[in-house]
Amino acid sequence: MAASNVPTILRVIAASVKISNRAGQIIRDVMRQGELGIVEKGINDLQTEADRTAQRCITASLRRHFPKLRVFGEEDIEEGDLPESFLCLDSCNDVLKQKCPERLSKLTEEELIVWVDPLDGTAEYTQGLLDHVTVLIGVSSAKSGEALAGVVHQPYHNYKSVSPEQLTGRQQRLAPI
């Protein structure tokens, strides 16, 4: 099936799966380099370079895929320049093959909103409690606000039992409902 024949919501989720993997790699790279760039957004509310760069990756990649899609990130940051190597322009073929619920199959980019938490668990991340770190990308209806689908990526899934080179994380797709 050609990608243009796939419902928009499935294409958004398929792109989000690959993009969340790329954001997870960025999060791991920042930690590995050891320069977290921590700033306080408020009381007990931290932000790191991993938050900022992962959000830029996610929002810029989604906007490149879907120019009319509204994308909102948790971090209040300037979009800024992002190296092309940080963009993810791939899509997950397994998602593109899924059956879409009929009620969601005709939704357009303009009828969807994407919400991004580029690094959920920032405080835990800064403390090395990596089991709690996730990348969250949620899709909702622009009209009703109803949650429709999403991706949860765990960049450090199984990190205690594999070498850093083998670490790829894990994602779970929340299929369109």
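All values derive from a computational prediction rather than experimental measurement. (Residues numbered from 1 in each chain as written. Predicted model: local features only at pLDDT ≥ 70, side-chain atom pairs only at ≥ 80, totals over all residues. Heavy atoms only, no water.)

**Q** I tried to follow the overall build of the protein on my own but got confused; where do I start?
**A** The number of helices and strands found in the protein is 4 helices and 7 strands. Starting at the N terminus and walking to the C terminus, you meet the elements of the protein as α-β-β-α-β-α-β-α-β-β-β. Put simply, the protein has 177 residues, and 45% of those count as buried. A fraction of 65% describes how many contacts in the protein between residues 6 or more apart in sequence connect residues 24 or more apart. Per element, the accessible surface of the protein, about 9,400 Å² overall, is 49% carbon and sulfur. (Helix = DSSP H or I, 4+ residues; strand = E, 2+ residues; numbered from the N terminus. Buried < 20%, exposed > 50% of the residue type's maximum accessible area, 1.4 Å probe, protein only. Contact = heavy atoms within 4.5 Å. Areas by Shrake-Rupley, 256 points an atom, 1.4 Å probe, with all protein chains shown as cover.)

**Q** So what exactly am I meant to see when it comes to the pairing of strand β1 (residues 39-42) here?
**A** Remember that side chains alternate between the two faces of the sheet whenever the strand is regular. Taken together, the 3 bridges between β1 and strand β2 (residues 45-47) define a ladder with antiparallel strand orientation. Considered in β2, the bridge of glutamate 40 is made with leucine 46. What sits between β1 and β2 in their antiparallel hairpin is a turn of 2 residues, with asparagine 44 showing a positive phi close to 55°. (Pairing = 2+ DSSP bridges.)

**Q** I would appreciate a short explanation of the pattern of salt bridges in the present structure.
**A** Proximity of charged atoms lets side chains of opposite charge pair with each other. One pass over the structure, following the stated rule, counts 6 salt bridges. As a salt-bridge pair, arginine 52 and glutamate 49 come within 3.2 Å of each other at their nearest N and O atoms. With arginine 52 and glutamate 49 both in helix α2 (residues 49-65) and 3 residues apart, the pair spans about one turn of that helix. Owing to a relative accessible area of 28%, glutamate 49 belongs among the partly exposed residues under this scheme. (Salt bridge = Lys/Arg side-chain N within 4 Å of Asp/Glu carboxyl O.)

**Q** Where do I start with helix α1 (residues 8-33) in this structure?
**A** Every α-helix carries 3.6 residues per turn, so stepping three or four residues along brings you back to the same face. Taking 1.5 Å of rise per residue, the 26 residues of α1 would be expected to cover 38 Å, and the 37 Å separating its terminal C-alpha atoms lies within 8% of that figure. Positive backbone phi, at 85°, marks glycine 34, one or two positions downstream of α1. (Expected span 1.5 Å × (residues − 1).)

**Q** Which parts of the structure should I look at to understand the environment of serine 144?
**A** Among the secondary structure elements, serine 144 is positioned in the loop between β5 (134-141) and β6 (147-154). With 32 residues separating them along the chain, serine 144 and leucine 112 place their C-alpha atoms 9.9 Å apart. Within polar-contact distance, the side chain of serine 144 engages the backbone nitrogen of glutamate 146 at 3.2 Å. (Polar contact = N/O pair within 3.5 Å; in protein donor to acceptor, adjacent residues only side chain to side chain.)

**Q** Quick question: what am I supposed to make of the packing of α1 against α2 here?
**A** Two packed helices can be described by the angle between their axes and the distance between those axes. Put simply, α1 and α2 touch, their axes get as near as 9 Å, and they point 155° apart. The orientation of α1 with respect to α2, classified from their angle, is roughly antiparallel. The way α1 lies across α2 gives a crossing that is right-handed. Counting all contacts with α1, which are made through Ala15, Ser16, Ile19, Arg22, Ala23, Ile26, Ile27 and Val30, the residues of α2 involved are Glu49, Ala50, Thr53, Ala54, Cys57, Ile58, Ser61, Leu62 and His65. (Axes fitted to C-alpha atoms, helices over the stretch in contact; angles between N-to-C directions. Parallel < 35°, antiparallel > 145°, perpendicular 65-115°, else oblique. Left-handed = near helix turned anticlockwise from the far one by under 90°.)

**Q** Would you explain the side chain of arginine 22 in this entry?
**A** Within the secondary structure layout, arginine 22 lies in helix α1. Buried and unpaired, arginine 22 has aspartate 29 as its nearest opposite-charge partner, separated by 4.6 Å. When neighbours within four sequence positions are excluded, arginine 22 is seen to be in contact with Cys57, Ser85, Phe86 and Cys88. (Lys, Arg positive; Asp, Glu negative; His and termini not counted.)

**Q** Where do I start with the pairing of β6 in this structure?
**A** Among the 8 residues that make up β6, 6 are buried, leaving the element largely enclosed by the rest of the structure. Summarising the sheet, β5 and β6 pair through 6 bridges and their orientation is antiparallel. Bridge pairing in β6 links leucine 136 to valine 152. Remark: 5 residues form the turn of the hairpin made by β5 and β6, two consecutive strands paired antiparallel; glycine 145 in that turn has positive phi of roughly 80°.

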